[in-house]
Amino acid sequence: MEEFNKDPFEILTVEHYPIIEVASALAAIRSGSEIDAEMLRKAVDFIRRFADRYHHEKEEAILFTLVREKGLDVSPIDAMEKEHEMVRWKVRKAVEALDNGDIRGAVVNLREWANFIPDHIDRENHSLFPGLARFFDEEERNKMLEKFKRVDEELGTLQDMQKMADELFLAILSKTGEAIVEARAVREEERDRFVERLAKMMPENTSLIVMYDEEAEELTKSLKGFEIRELRRKDVYAFKIRRK
Ligand SMILES: [Fe+2]
Ligand SMILES: [Fe+2]
């Protein structure tokens, strides 16, 4: 992961991947009867600590603040901040439900979080960050990196985030048997590797439902020993990967 540590926009982009991983697992929870409250609390902890404080802190308190200071167009970041507020509210609702012993209510809110967050990430990866990056020179990027480092010192590292995401992904998947991976939110150059990693990690007799926007020929080739079935083809190329 070292190669990503040189550019703040790269860092923000790769921090999205453990978030998509956890969302993939949460999106496939059905009624909640298959899952226990403790696991949902752990998911909430991940979202609050890493998706929100660790990652959104870098976006809001560092990047977006600089965008405002530079006098750039703020409408895209205003929109992103509104979405951050919305997802925070969903998580608050999930915590309230858990506090009331309402697992079903918690699942509904976490699933809404999980269904929404990949869209948000997609817009940041494919539109917001590339659009903003060209306004930041090396000196400004280095300053951002310094500030990022301070967040890391306080809250943990990308490796910590990845570790917790993997634990959650495996724990939830082993209960639900399935994850729904919105791979379109991952940058194209990393998409195959992202899905391949999840596929190789998943327990026996579980499956991944994966959304691509085109046929995943290369990926399919690299997943020998897995059963791959095309699901439907309209605007999205979806397929199911099953560990035999
Ligand atoms: Fe964001
Ligand atoms: Fe983000």
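Criteria and thresholds
- Residues numbered from 1 in each chain as written.
- Chains lettered and ligands numbered in written order.
- Predicted model: local features only at pLDDT ≥ 70, side-chain atom pairs only at ≥ 80, totals over all residues.
- Heavy atoms only, no water.
- Helix = DSSP H or I, 4+ residues; strand = E, 2+ residues; numbered from the N terminus.
- Buried < 20%, exposed > 50% of the residue type's maximum accessible area, 1.4 Å probe, protein only.
- Polar contact = N/O pair within 3.5 Å; in protein donor to acceptor, adjacent residues only side chain to side chain.
- Contact = heavy atoms within 4.5 Å.
- Pairing = 2+ DSSP bridges.
- Axes fitted to C-alpha atoms, helices over the stretch in contact; angles between N-to-C directions.
- Salt bridge = Lys/Arg side-chain N within 4 Å of Asp/Glu carboxyl O.
- Phe/Tyr/Trp six-rings, centres within 6.5 Å; stacked < 30°, edge-to-face > 60°.
- Donors = N, O, S within 2.8 Å, 3.2 Å for Na, K, Ca; no water.
- Tetrahedral: all angles 85-135°; square planar, octahedral: opposite > 155°, others 65-115°.
- Right-handed = clockwise from strand over helix to strand, strands pointing away.

Draft legend 1. Region of interest: the side chain of Thr13. Inspection of the secondary structure puts Thr13 in helix 1 (residues 8–27). Under the relative-accessibility criterion, Thr13 is labelled buried at 2%. One polar contact links the side chain of Thr13 to the main-chain carbonyl oxygen of Phe9, over a distance of 2.8 Å. Here Thr13 is in contact with Asn125, Phe129 and Arg187, once residues within four sequence places are set aside.

Draft legend 2. Layout of the sheet that holds strand 4 (residues 237–243). Within the open sheet, the four strands sit side by side as 1-2-4-3. Their pairing is mixed. At either end of the open sheet lies a strand with only one pairing partner, and these are strand 1 (178–182) and strand 3 (226–233). Here the average twist between neighbouring strands, direction ignored, is 20°. In this structure, strand 1 lies alongside strand 2 (residues 207–212), joined through five bridges in parallel fashion. Across the sheet, the residue bridging to Ala179 is Leu208, located in strand 2. Where helix 6 (residues 158–176) meets the sheet, it contacts strand 1 and strand 2, and its direction lies at approximately 125° from that of strand 1. Seen against the sheet, helix 7 (residues 188–201) touches strand 1, strand 2, strand 3 and strand 4 and runs at an angle of roughly 170° to strand 2.

Draft legend 3. View of the pattern of salt bridges. What the rule picks out here adds up to 29 salt bridges. Arg41 is the salt-bridge partner of Asp99, the closest N and O atoms lying 2.9 Å from each other. Note that Asp99 is positioned in helix 3 (residues 75–99) and Arg41 in helix 2 (residues 37–69), a separation of 58 residues in sequence. A cluster of three or more residues bridged by salt bridges with shared partners is formed by Glu10, Arg187, Glu189 and Glu190.

Draft legend 4. Quick look at the packing of aromatic side chains. This structure, assessed with the given rule, holds seven aromatic pairs. Ring geometry for Phe46 against Phe50: centres 5.7 Å apart, planes inclined by 45°, an arrangement best described as tilted. With Phe46 and Phe50 both in helix 2 and four residues apart, this pair spans about one turn of that helix. As far as burial versus exposure is concerned, Phe46 and Phe50 are alike and both buried.

Draft legend 5. Inspection of the coordination of the iron ion (ligand 1) at higher detail. Every protein donor of the iron ion (ligand 1) is accounted for by Glu59 (OE), His84 (NE2), His120 (NE2) and Glu124 (OE), and the metal-donor separations fall at 2.1 to 2.2 Å. Each of the four donor atoms around the iron ion (ligand 1) contributes to a set of angles spanning 85 to 174°, which defines the coordination as irregular. In primary-sequence terms, the residues that donate to the iron ion (ligand 1) follow E-x24-H-x35-H-x3-E.

Draft legend 6. How the structure looks around the coordination of the iron ion (ligand 2). At 1.9 to 2.1 Å from the iron ion (ligand 2) lie its protein donor atoms, namely His16 (NE2), His55 (NE2), Glu59 (OE) and Glu124 (OE). In this structure, the iron ion (ligand 2) lies 3.1 Å from the iron ion (ligand 1), and both are coordinated by Glu59. Of the two residues, His16 sits in helix 1 while His55 sits in helix 2, which places them 39 residues apart along the sequence. Here the two residues His16 and His55 agree in accessibility, since each one is buried.

Draft legend 7. Representation of the pairing of strand 1 within the structure. Extensive coverage of strand 1 is indicated by the burial of four of its five residues. With respect to chirality, the unit in which strand 1 leads through helix 7 into the neighbouring parallel strand 2 is right-handed.

Draft legend 8. Representation of the side chain of Glu83 in the model. Here Glu83 shows up in helix 3. Of the residues examined, Glu83 reaches a relative accessible area of 15% and is grouped as buried. In this structure the side chain of Glu83 is engaged in a polar contact, spanning 2.6 Å, whose partner is the side chain of His120. A polar side-chain atom of Glu83 sits 2.6 Å from a polar atom in the side chain of Arg123. Excluding anything up to four places from it in sequence, Glu83 contacts Phe116, His120 and Arg123.

Purely geometric stuff here, so don't read any function into it on its own.
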